[in-house]
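The residues making up each chain are set out below.
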Amino acid sequence: LVNKPEVVVFSVPSYACQRRTTLENQNTTLTDALSLLAENAELSNEDGRGVAFRRAAAVLKVLPSAVQSMSQLTGLPCLGEHSLRVIKDILENGASNEVESTKKSEKYKALKVLTGIFGVGAKTAARWIREGIHNLCQLRESGHTLNRAQQAGLEHYDDINQSVTKTEAEVIQEMVEKAVASVLPGAQVVLTGGFRRGKMSGHDVDFLITHPEEGREVGLMPKVVSWLEAQDFLLYQKTTRNSYLESKEGPGRPPSNMDRFERCLSIFKLHSVENQAAVQDVTKRVEGEQRSDEQTRPWRAVRVDLVVSPFSQFAFALLGWTGSKLFERELRRWAGYEKAMCLSSHALYDNKQRKYLRASSEEDIFAHLGLEYIPPSERNA
Ligand code: TTP
Ligand code: MN
Ligand code: MN
Ligand code: MN
């Protein structure tokens, strides 16, 4: 008998919400390449293509070892013709022409720079590029009127495009907890988004706020914002009120990806950790800021998202705001296609039983959906 060389054949369930995706990834070269193509598609308003590349990358993220040959990929879900071609190029030539030329293209570079401005999405960036605006200098010179968010985004561009560390997220968590405790004792603050999934850095910090007595959370956000403003902790904020009740969203109308919670998109003024002590003391704070004119300034701008949820919707809101974005999308797709249910960040509706299913924890929601519970650290699809 001849010993066959060992070829690992992988097997992966097709929905990301059926899989455990940790931050460990044995195929970063392949997943970085596919993620770049996904990003380029999203920035070009081609969401369908973007999702296809994201799904392909997510499958490679859960493989227990590095892919060596195309034959190992036989039977894996979500790997379309295009993604397979990219993978093949990288395995055979060390790089993909399509990925390398995308990275270098003027359009991709301009889209990245312009959408790096807080408040500028793919559509606005595309319009500016058609007018010949490819960078911040050209934008400033164009005389375009920017909205308040974009002005703040431009002003704090470098800070906002520098990733937020776990330590910085923890400091901001303390600031938010203090604000919330001051205006509504008993209210709860939970860190969500990438940091709840165990990431060591992120593009922003996300929080979900609730109160165990339903109704007490109403009107909370403006009070939290006023408190933060009084402490000079905010560089920018825009609060949107809760519009869930008047939306008449529900079984007849599938919910949009955007939820309808009261939310605040903001930019925090975070004093550097060495300056934390000085922030407590107004006299020292003034000294610190004067010193900054000569040396470096003692604070940086950080993007923060605050969301307020009624207690009865808290489990859905927590699941919805923990991400990853692909994991969320896959949960909703699973609910719809496999279970005839409609999942949002507010509720879960069963189309067959024609009723809403209650949940007081994320575990309850996975159980309703007939899925094994996946903890936040394994939702990094
Ligand atoms: P993000 O903060 O965009 O992403 P992230 O925290 O996973 O990664 P990063 O480190 O880059 O910040 O979104 C967090 C979650 O919030 C994501 O799962 C989607 C969800 N979300 C909503 O449910 N509704 C919304 O309107 C938005 C903007 C996000
Ligand atoms: Mn985030
Ligand atoms: Mn993000
Ligand atoms: Mn966010």
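Novice: Please provide a residue-by-residue account of the coordination of the manganese ion (ligand 2), values included.
Specialist: Six octahedral donors around a metal ideally sit at 90 or 180 degrees from one another, while four tetrahedral donors ideally sit at 109.5 degrees. Taken together, Asp204 (OD) and Asp206 (OD) make up the protein donors of the manganese ion (ligand 2), found 2.1 Å from the metal. Metal-to-metal, the separation of the manganese ion (ligand 2) and the manganese ion (ligand 3) is 5.3 Å. Take Asp204: its relative accessible area is 6%, and that puts it in the buried class.

Novice: Quick rundown of the site of ligand 1? Include the residues and the values.
Specialist: Taken together, 16 residues lie around ligand 1, and Gly194, His203, Asp204, Met258 and Lys325 are the ones closest in. Within the side chain of Asp259, one N or O atom sits 3.4 Å away from a nitrogen atom of ligand 1. Here an oxygen atom of ligand 1 sits 2.9 Å away from a polar atom, N or O, in the side chain of Arg263. About the coverage of ligand 1: the protein hides 82% of its 600 Å² of free accessible area. Residue classes in the shell around ligand 1 are distributed as two nonpolar, six polar and eight charged.

Novice: I'd like to hear about the environment of Thr210, residue by residue, with values.
Specialist: Structurally, Thr210 can be placed in strand β4 (residues 205-210). The sequence separation of Thr210 and Leu220 amounts to 10 residues, and the corresponding C-alpha distance is 9.2 Å. In this structure, Thr210 is in contact with Ala187, Gln188, Ser309, Pro310, Phe311 and Phe314, ignoring residues within four places of it in sequence. Of the polar contacts made by the side chain of Thr210, one reaches the backbone oxygen of Ser309; its length is 2.8 Å.

Novice: So what's going on with unusual backbone geometry? Residues and values would help.
Specialist: With an omega of -10°, the peptide bond running from Gly323 to Ser324 counts as cis. With respect to the helices and strands, the residue Ser324 is situated in the loop between α16 (314-322) and α17 (325-339). Phi at Asn45 takes a positive value of approximately 60°, unusual for a residue other than glycine. Residues other than glycine seldom take positive phi values, yet Cys78 does so here, at roughly 65°.

Analysis parameters
Residues numbered from 1 in each chain as written. Chains lettered and ligands numbered in written order. Predicted model: local features only at pLDDT ≥ 70, side-chain atom pairs only at ≥ 80, totals over all residues. Heavy atoms only, no water. Donors = N, O, S within 2.8 Å, 3.2 Å for Na, K, Ca; no water. Buried < 20%, exposed > 50% of the residue type's maximum accessible area, 1.4 Å probe, protein only. Near = heavy atom within 4 Å. Polar contact = N/O pair within 3.5 Å; in protein donor to acceptor, adjacent residues only side chain to side chain. Areas by Shrake-Rupley, 256 points an atom, 1.4 Å probe, with all protein chains shown as cover. Nonpolar A, V, L, I, M, F, W, Y, C, P; charged D, E, K, R; others polar. Helix = DSSP H or I, 4+ residues; strand = E, 2+ residues; numbered from the N terminus. Contact = heavy atoms within 4.5 Å.

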